[in-house]
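Now for the letters of each chain:
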Amino acid sequence: MDVDLRVLRSFVAVAEELHFTRAAERLLVSQPALSKQIDQLERHLRVRLLRRSSRQVALTPAGQALLPGARDLLDAWDRLQGEVQEAAASEARTLRVGFIANAACELTPRILAEFARARPDWRVAMLQVPWTDATAGLAAGDVDVALLRPPLPEVGVPIRTRVLFAEDRWLALAASHPLAGQDVIRFEQLLDEPFIALPEEAGAWRDFWLALDHRGGHPAVIGAEVKTSDEWMEAIANNFGVCLTGASTARYYPRPGVVYRPIDRITPSEVVVAWRADDQRRIVGDFVTACTETAGRER
């Protein structure tokens, strides 16, 4: 039986990080799932690749022997996959743009119009992904460019970004919540409130929307976990918890029973256009230019 490349990629991540939690965050998977994949690879090869203890992870001689070839194999596959996708995209003249939730807000149709003027022979396919992937398919190669909100997780491939704009983070909460009557909410009032959270595999992106850097070590209380906009809205409407979001969400997701309020003294959220650093195609550069020039005119 051949080895699944996903399993091999998991081994490389653990071998480079020498830490299962960091490797899981990098791959956007849960730690138990990652451990299962490593066990699967070791059973397939009938060797021990890693020595694990409660304090450290180390490569065995067999693991050290596997790592360079595994890296080369994955790099070769990534290059081949990119060449195949580029050929298919060029033939279809379709640029795949990944996004999460409301993408670049009102800027999105203006960006698409600008790109259409520059490259009328190409079409854009907008692909929405669940919140478990903060790169919106970019890391996996499922899209060519993406409209994202940092921070981005470590994903094993270099990703470049350009900031288009920033907006304040607001609070979404049930209209029946005691804080809903305030015009502005202080973040200190939220320290003990249950929060609607992204899944753990979202890593740094989950931490940002829980505002862990503003809590001074105070742990976040998790009322529910969600993967999609619909799940998120249902959880808030049912008062399972509150949630930080971009100010534009109030415009894009109005719903009876849910209100949005500004928060005092909290850092904003940036919206960026992102692409893989090793993708040098002109069409990708043209889309990035359409994004930055459109954003520049709006400032």
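Our subject is the structure listed above.
Small disclaimer: the values here were computed from a predicted structure and weren't measured.

Asks: So what's going on with the overall build of the chain? Which residues, and what values?
Replies: Helix and strand content of the chain: 9 helices and 13 strands. By the compact-globule yardstick of 19 Å for 299 residues, the chain fits well, its C-alpha radius of gyration being 21 Å. Principal-axis analysis of the C-alpha atoms places the extent of the chain at approximately 60 × 55 × 30 Å. Looking at the chain as a whole, 45% of its 299 residues qualify as buried. In the chain, the proportion of contacts linking residues at least 24 apart, taken out of those at least 6 apart, comes to 74%. Working note: accessible area of the chain is about 15000 Å², and carbon and sulfur atoms make up 51% of it. Each charge class in the chain was averaged separately, 36 positive and 41 negative side chains, and the resulting centres sit 2 Å apart.

Asks: An account of the packing of helix α1 (residues 5–17) against helix α2 (residues 20–27) is needed here, citing residue identities and associated values.
Replies: As a packed pair, α1 and α2 sit with axes 8 Å apart at the nearest point and diverge in direction by 130 degrees. Taken together, the axis directions place α1 and α2 in an arrangement best described as oblique. The two elements α1 and α2 meet at a crossing, and its hand is right-handed. Listed contacts from α2 to Arg9, Ser10, Ala13, Val14, Glu16 and Glu17 of α1 are Phe20, Arg22, Ala23, Arg26 and Leu27. Broken down by class, the residue content of the contact of α1 with α2 amounts to 5 nonpolar, 1 polar and 5 charged.

Asks: Just give me the short version of the sheet that holds strand β11 (residues 243–246), but keep the residues and values in it.
Replies: Reading across the sheet, the 4 strands line up as β8-β12-β7-β11 and stay open at both edges, with mixed pairing between neighbours. Among the strands making up the open sheet, the edge pair consists of β8 (185–186) and β11. The sheet contact formed by β8 and strand β12 (residues 258–264) spans 2 bridges and is parallel. By the bridge assignment for β12, Arg186 is matched with Asp264.

Asks: Before we move on, could you go through the sheet that holds strand β4 (residues 123–128) and cite the residues and values that matter?
Replies: Ordered in space as β4-β3-β5-β13-β6, the 5 strands form an open sheet in which the pairing is mixed. Sheet topology places β4 and β6 (159–167) at the edges, where each strand pairs with a single neighbour. Averaged over neighbouring strand pairs, the angle between their axes works out to 20 degrees when direction is ignored. Two strands pair when backbone bridges link them, and β6 and strand β13 (residues 269–276) are joined in this way by 8 bridges, in the antiparallel orientation. Residue pairing across strands places Ile159 opposite Arg276, the latter belonging to β13. Helix α5 (residues 107–118) rests against β3 (94–99), β4, β5 (145–148) and β6 of the sheet, and its axis sits at about 150 degrees to β4.

Asks: Describe the packing of α2 against helix α3 (residues 31–45), with residues and values.
Replies: As a packed pair, α2 and α3 sit with axes 9 Å apart at the nearest point and diverge in direction by 100 degrees. For the element pair α2 / α3, the angle class is roughly perpendicular. Every residue of α3 that contacts α2 at Phe20, Thr21, Ala23, Ala24 and Leu27 is listed here: Gln31, Leu34, Ser35 and Ile38. Grouping the constituent residues of the contact of α2 with α3 by class yields 6 nonpolar, 3 polar and no charged.

Asks: How would you sum up the environment of Arg46? Please name residues and give values.
Replies: Looking at where Arg46 falls in the secondary structure, it is placed in the loop between α3 and β1 (50–52). Residues Arg46 and Thr245, 199 residues apart in the sequence, show an inter-C-alpha distance of 48 Å.

How each quantity is defined
Residues numbered from 1 in each chain as written. Predicted model: local features only at pLDDT ≥ 70, side-chain atom pairs only at ≥ 80, totals over all residues. Heavy atoms only, no water. Helix = DSSP H or I, 4+ residues; strand = E, 2+ residues; numbered from the N terminus. Rg over C-alpha atoms; globule rule 2.2 N^0.38 Å. Buried < 20%, exposed > 50% of the residue type's maximum accessible area, 1.4 Å probe, protein only. Contact = heavy atoms within 4.5 Å. Areas by Shrake-Rupley, 256 points an atom, 1.4 Å probe, with all protein chains shown as cover. Lys, Arg positive; Asp, Glu negative; His and termini not counted. Charge placed at Lys NZ, Arg CZ, Asp CG, Glu CD. Axes fitted to C-alpha atoms, helices over the stretch in contact; angles between N-to-C directions. Parallel < 35°, antiparallel > 145°, perpendicular 65-115°, else oblique. Left-handed = near helix turned anticlockwise from the far one by under 90°. Nonpolar A, V, L, I, M, F, W, Y, C, P; charged D, E, K, R; others polar. Pairing = 2+ DSSP bridges.

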